[in-house]
Structure formats: C-alpha cells, structure tokens
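Given next are the chains, with one letter for each unit.
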Amino acid sequence: MIVETRNEKETFKLGYSIGKKAQAGQIYTLTGDLGVGKTIFTQGLAAGLGIEEPVNSPTFTIVQIYEEGRLPFYHFDVYRIGDVEEMEEIGYEDYFYGEGVCLIEWANLVEEILPRPVIAVLIEKNLEKGFDYRKITIDGMDESIQTEVNSEQEEENENIGN
C-alpha cells in the first residue's frame, strides 16, 4: 500500500487510522531518513491506540512503554544500538512476543531478531513534489485493513477539499 501525504496532519491521520486497526502482537518497522516524519506518524498511531500522553522518540532509552491505550504500545528507537545483545539486555522478547503493539524505528539495525511477519512502513520525501510531501509505503498489512485505511484516507482527503 502506498499513501501520499502532503502535510504533518495527513501523516498523523494515516498513523491514527492504522493505530485504530492495530492488533495485539503486531510489529511495525518504521524506516526513513532523519526529519522525514517518523515521530509524527508514530504519534498518530499511538493516538489511534487511545494513548493521550505525549509520545516522543525514545532515542536514548531505546524503548518507551505506553500502557494507557486499548493495547500496550512499545515504541523502540534502535538507532543507537551497537549490538543486538543490547536488545537482549532490555528484554525485547517480552515486548515482541507480548500482547501489545510494537513500533521499531531503524529496525534494519536489528533485523536478525525481528519475528515474522512484520508490517514495514517506509517514509520518503520528494522535494520536487513539495517540502511537506511524503510517500509512505506499507508492506505486510492485512488487505482488509489496508482497504479500511485507504477508505478513511480518501474520505479525509475529500473533507479537506470541501
């Protein structure tokens, strides 16, 4: 599934739509260059799970745990991981195989320990299409959920135009 967003609000709403449909045990990997909107997308996904507290990238803590939503949310940022053993030290298996939803930024750095399947989210800029334009590619999501998310995005885009 490919979704194009043209501002932070649309990127947030895509994350929100996905968060509303997220299920226990799902693992989302999130990749994209620095400043591409990974945190905005993550904040939307967390809001879709019903999390109201502020969500920021856990760059220095590796994992941030949110338990107030309809499902626990485990937000990983593994950018500073030097070795997979560091993931073992924080007990990653409890999160990956638990009853919550995991979102892992920079997941390519710990790919060898990721369970399958994962839902891979790639966010890319294209400055030729505008400073705030984002192409968001999502692989591994159930087709019925993709259809629902696409419908919500189309409906939202129509509402923006009116």
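Model, not experiment: these values are computed from the prediction. (Residues numbered from 1 in each chain as written. Predicted model: local features only at pLDDT ≥ 70, side-chain atom pairs only at ≥ 80, totals over all residues. Heavy atoms only, no water.)

## Side note on the nonpolar core
Formed by 25 residues in total, the largest nonpolar core has its most connected members in Tyr 28, Phe 41, Phe 73 and Ile 138. Every element with two or more residues in this core is listed here: α1 (8-21), β2 (27-31), α2 (38-48), β5 (101-105), β6 (119-125) and β7 (134-139). The next biggest cluster of nonpolar side chains, apart from the first, holds 20 residues, and it includes Trp 106, Ala 107, Ile 113 and Val 118. (Core = buried A, V, L, I, M, F, W, Y, C linked by side-chain atoms within 4.5 Å. Buried < 20%, exposed > 50% of the residue type's maximum accessible area, 1.4 Å probe, protein only. Helix = DSSP H or I, 4+ residues; strand = E, 2+ residues; numbered from the N terminus.)

## Points about the pattern of salt bridges
Tallied over the entire structure, the rule returns 3 salt bridges. Across the pair Arg 116 and Glu 111 runs a salt bridge, and its minimum N-O distance is 3.7 Å. Residue Arg 116 is classed as exposed on the basis of its relative accessible area, which comes to 54%. Residues joined in a network through salt bridges with shared partners are Glu 4, Arg 6 and Lys 129. (Salt bridge = Lys/Arg side-chain N within 4 Å of Asp/Glu carboxyl O.)

## Observations concerning the sheet that holds β2
With respect to topology, 7 strands assemble into an open sheet ordered β1-β7-β6-β2-β5-β4-β3, the strand pairing being mixed. The two strands at the open ends of the sheet, each matched to only one other strand, are β1 (2-5) and β3 (63-66). Averaged over all neighbouring strand pairs, the angle between strand axes comes to 15°, with direction disregarded. In this sheet, strand β4 (residues 73-77) lies alongside β3 in antiparallel orientation, the contact comprising 4 bridges. Each residue of the ladder has a partner; that of Gln 64, found in β4, is His 75. Packing against the sheet, α1 makes contact with β1, β2 and β7, and its axis sits at approximately 15° to β7. Lying on the sheet, α2 is in contact with β2, β4, β5 and β6; it crosses β5 at an angle near 175°. (Pairing = 2+ DSSP bridges. Axes fitted to C-alpha atoms, helices over the stretch in contact; angles between N-to-C directions. Contact = heavy atoms within 4.5 Å.)

## Comments concerning the pairing of β6
The pairing of β2 with β6 spans 4 bridges and is parallel. Looking at the pairing, Leu 30 lines up with Val 121 of β6. Bridging between β6 and β7 involves 6 bridges; their strand directions are antiparallel. Directly across from Leu 122, in β7, lies its bridge partner Thr 137.

## Describing the environment of Glu 8
Mapped onto the elements of the fold, Glu 8 is located in helix α1. In this structure Glu 8 comes out as exposed when scored by relative accessible area, which is 54%. Sequence-wise, Glu 8 and Val 36 are 28 residues apart; in three dimensions their C-alpha atoms are separated by 10.0 Å.

## Notes on a negative patch on the surface
On the surface, Asp 83, Glu 85, Glu 88, Glu 89, Glu 93, Asp 94 and Glu 112 cluster together to form a negatively charged patch. Broken down by secondary-structure element, the contributors of at least two residues to the negative patch are α3 (84-89) and α4 (92-96). Looking at the negative patch element by element, the count peaks at 3 residues for α3. Tracing the backbone through its elements, the reader meets Glu 112 in the loop between β5 and β6. (Patch = residues over 30% accessible without salt bridge, like charges linked within 9 Å, V, L, I, M, F, W, Y side chains within 5 Å. Areas by Shrake-Rupley, 256 points an atom, 1.4 Å probe, with all protein chains shown as cover. Lys, Arg positive; Asp, Glu negative; His and termini not counted. Charge placed at Lys NZ, Arg CZ, Asp CG, Glu CD.)

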